[in-house]
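# Observations on chain architecture
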Amino acid sequence: MYHRVTNLPNDPHLVAVTPKYFGDHMEIIRKHYMPISLQQLVKGLPDGKVPTRAVVVTFDDGYPDNLHEAMPLLECYDIPATMFVTAGQVGSQREPWWDELDRLLLQPGMLPPKLCLNIDGSIFDFQLGEASTYGAQDYRRDRGWHIAREDDPGPRQHLFRKLLAAISPLEGTEREKVINDLLVWAGAEPIARPTHRPLTIDELVQLQKCGLMEVGAHTMTHPNLADMAAAQQRTEIRQSKQTLEAILNRPMMSFAFPFGSSTSETVAMVREEGFTCACSTRSDLVFRGVNRFYLPRFTVRDWDGEKFGHFLRWWIGD
Ligand SMILES: [Zn+2]
C-alpha cells in the first residue's frame, strides 16, 4: 500500500515515497517477485490459482503524482497497480483536509495565539502561545517531524495531532465546516498548493488510459466509515462508485476503506454495492480463504531498496 510517489519538503502524514526509492521497489518486485493486478488476485483466490510470490501494488487517495511520477516507473517495469480515488476530491481546487492542516499549522507564518472551535457540538480550545509565530527557521528545524513520532517538538505539532484526531471521525459537511472555520481563524485562502492538489478529471481519464492502472473507489469524502451511521456509509460508498463510473465509463470493481476504517456492516455494504473486492489496512499476507472484501495490505514507507527488499523477504519469505 502506497499513497504518494514524490519528493515532499515535509511529510507529516508519512505518505510519500521518493520516485528514486519507488523505482528501486518496482525493480525488486519485477526481479524477485510476481507482480499481478488486484483483479487477477481476486479471480485466482477461490481456486488457489495465484502465482507464488505474487505481489499487488496499490495507491490510496488519488494524488496527481501517481500519474506523473509513479506511472512512468510502473510502465518501465511493466507492473500493474490499483489506485483508490477519493471521488469527491477529483477536480477540486481544495487540498484534502489533512493537507490543509499541514498548510495552516506546520508551514511558516503567523497564527492567532488562541484557537476556539466548535467541533460537532463540543468546544475545542487551544493556546498556541509563542508558537503563534512560526518562522522559516522553526519550519526547517521541525520539518522532519511526522505523526508516527511519539514526541511533538512544539504546540503547532501538538495542535496538528489533536485536530487530526478530532476531525477524522466527522462526516463530510461537518468536517468542511470545521476546516472552513480554521481557514477563517488562520486568515488563509482556500487554495491548493500545486504539490497537494487532487487529481483533475483529465488526469484521472489519462491514468486509466495507460492500461496498467485500475481505478478503484475510496468513498466521496474520505471519512472514518466505522464512525458513521449506516445510511451515510452507504451513500459514501455508492456515490463514489457512481461518480467514478460516470467519469471513466467503466465499472468500478475495487474499493478501499479510508484509514482502513470499517465494521462488518461496512464490509457487507461494499459487497452489496457490486464491488468484487475491498482493501483494508490490516497488515498481513493474503491467504486462500481470505475475505476478499477485507483484503490485508502492508504499508510501504520511504525505504531504500535494501530496506524494502528486507521487508518483502520478511513478509513473503525467501
Ligand atoms: Zn485514503
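Structural notes, computed from the coordinates. Note on numbering: residues in each chain are counted from 1, in written sequence order. Residue-level local features of this predicted model are given only where pLDDT is at least 70; pairs of side-chain atoms are given and counted only at 80 or more, and the full residue set underlies all totals for whole chains, interfaces and linings. Working from all heavy atoms in the structure, the side-chain values ignore hydrogens and water.

## Some remarks on unusual backbone geometry
At D61, a position not held by glycine, the phi torsion is positive, near 100 degrees. Each helix is a run of H or I in the DSSP string that is no shorter than four residues. Each strand is a run of E no shorter than two, and both are numbered from the N terminus. Along the polypeptide, D61 turns up in strand β5 (residues 57-61).

## Regarding the packing of helix α6 (residues 155-167) against helix α7 (residues 172-186)
Here α6 crosses α7 at 155 degrees, and the two axes come no closer than 11 Å. When the axis of α6 is compared with that of α7, the two are roughly antiparallel. Touching L159, L163 and I167 of α6 are R175, V178, I179, L182 and W185, all from α7. Classification convention: Asp, Glu, Lys, Arg as charged; Ala, Val, Leu, Ile, Met, Phe, Trp, Tyr, Cys, Pro as nonpolar; all other residues, Gly among them, as polar. In terms of residue class, the contact of α6 with α7 is built from seven nonpolar, no polar and one charged. Axis lines are fitted to C-alpha atoms, over the contacting stretch for helices. Their N-to-C directions set the angle, which ranges from 0 to 180 degrees. Each angle receives one of four descriptions, namely roughly parallel if under 35 degrees, roughly antiparallel if over 145, roughly perpendicular if within 65 to 115, and oblique otherwise. Residue contacts follow a heavy-atom distance rule, with two residues in contact if any of their heavy atoms lie within 4.5 Å.

## Some remarks on helix α11 (residues 305-316)
A helix is expected to span 1.5 Å multiplied by its residue count minus one. Its 12 residues place the ends of α11 16 Å apart at the C-alpha level, agreeing with the 16 Å of an ideal helix rising 1.5 Å per residue. For every residue, the accessible area obtained with a 1.4 Å probe (protein chains only) is divided by the maximum for its type, and the residue is called buried under 20%, exposed over 50%, and partly exposed between those limits. Taken residue by residue, α11 has G305, F308, G309, F311, L312 and W315 as its buried positions. Looking straight down α11, one finds its buried side chains confined to an arc of 160 degrees; they lie on one side. Seen from the open side of α11, the exposed residues pointing more than 90 degrees away from its buried face are E306 and W314. Working note: the arc is built from the helix axis to C-beta atom directions.

## Looking at the coordination of the zinc ion
Distances define the donors: N, O and S atoms within 2.8 Å of the metal qualify, as do those within 3.2 Å of Na, K or Ca. Water is excluded, so some sites may look unfinished. Taken together, D61 (OD), H218 (NE2) and H222 (NE2) make up the full set of protein donors to the zinc ion, lying 2.0 to 2.2 Å away. The sequence motif formed by the donor residues of the zinc ion is D-x156-H-x3-H. Of this pair, D61 sits in strand β5 while H222 sits in the loop between β11 (213-217) and α9 (230-248), and the two are 161 residues apart along the sequence. Its relative accessible area of 4% is what places H222 among the buried residues.

## Observations regarding the pairing of β5
Where burial is concerned, most of β5 is hidden: five out of the five residues are buried. As paired strands, β5 and strand β6 (residues 81-85) are joined by five bridges and run parallel to one another. Within β6, the position partnered with T58 by the bridge is T82. The path from the first strand over the helix to the second decides the hand: if it runs clockwise while the strands point away from the viewer, the crossover is right-handed. Chirality of the crossover, the property in question, places the unit of β5, helix α3 (residues 65-77) and β6 among those that are right-handed. A pair of strands is considered paired only if DSSP assigns at least 2 bridges between the two.

## What to know about the packing of helix α1 (residues 19-32) against α11
Viewed as axis vectors pointing N to C, α1 and α11 meet at an angle of 40 degrees, and their least axial separation amounts to 9 Å. It follows from the interaxial angle that α1 and α11 lie oblique. Here α1 and α11 pass one another in a crossing that is right-handed. Judged by residue contacts, D24, H25, I28 and I29 of α1 engage G305, F308, G309 and L312 from α11. Here the contact of α1 with α11 is composed, by residue class, of four nonpolar, three polar and one charged. By definition, turning the near helix anticlockwise from the far helix through less than a right angle yields a left-handed crossing, and turning it clockwise yields a right-handed one.

## Thoughts on the nonpolar core
Here, nonpolar core refers to any group of buried Ala, Val, Leu, Ile, Met, Phe, Trp, Tyr and Cys residues whose side-chain atoms link them within 4.5 Å. Counting residues in hydrophobic clusters, the biggest one holds 51 residues, and the most contacted among them are Y2, F22, I29, F59, L74 and F255. Top contributing element to this core by residue count: α3, with five residues. If we ignore the near neighbours within four places in the chain, the residues touching I29 are M34, P35, V55, V57, I79, F308 and L312. With 28 residues, the next largest nonpolar core counts A131, F160, L163 and L164 among its residues.

## Points about the packing of aromatic side chains
Here is the rule: rings of Phe, Tyr and Trp (six-membered ring for Trp) pair when centre to centre is within 6.5 Å. Planes less than 30 degrees apart are stacked, more than 60 are edge-to-face, and the remainder are tilted. For the structure on display, the rule yields 14 aromatic pairs. Between F255 and F257, the ring centres sit 5.5 Å apart and the planes meet at 75 degrees, which makes this aromatic pair edge-to-face. In this structure, F255 and F257 share a single accessibility class: buried. Here a set of aromatic residues connected by ring pairs shows up, and it is made of F298, W303, F311, W314 and W315.

## A look at the state of the cysteines
In what follows, a disulfide is any cysteine sulfur pair within 2.5 Å. Counted according to the given criterion, the structure contains zero disulfides. Summary of cysteine pairing: C210 is not part of a disulfide, and the nearest cysteine sulfur, belonging to C76, is at 14 Å. Here C277 is not disulfide-linked; the sulfur of C279 is the nearest cysteine sulfur, at 5.6 Å.

## Considering α7
The terminal C-alpha atoms of α7, which comprises 15 residues, lie 21 Å apart, in line with the 21 Å expected from a rise of 1.5 Å per residue. Along α7, the residues classified as buried are G172, E174, R175, V178, I179, L182, L183, W185 and A186. Residues of α7 that are buried in the fold lie against α4 (97-106), β8 (114-119) and α6. Within two residues after α7, G187 carries a phi angle of roughly 65 degrees, on the positive side.

## Regarding the pattern of salt bridges
The rule for a salt bridge is simple: a side-chain nitrogen of Lys or Arg has to be within 4 Å of a carboxyl oxygen of Asp or Glu. Going through the model one piece at a time under the given rule, you end up with 20 salt bridges. The closest approach of N and O atoms between K114 and D125, which form a salt bridge, is 3.1 Å. Placement of K114 in strand β8 and of D125 in strand β9 (residues 122-127) is noted, with a sequence separation of 11 residues between them. Take D125: its relative accessible area is 44%, and that puts it in the partly exposed class. Linking R282 and D284 is a salt bridge whose minimum nitrogen-to-oxygen distance equals 3.4 Å. Looking at D284, the relative accessible area reads 27%, which means it is partly exposed.

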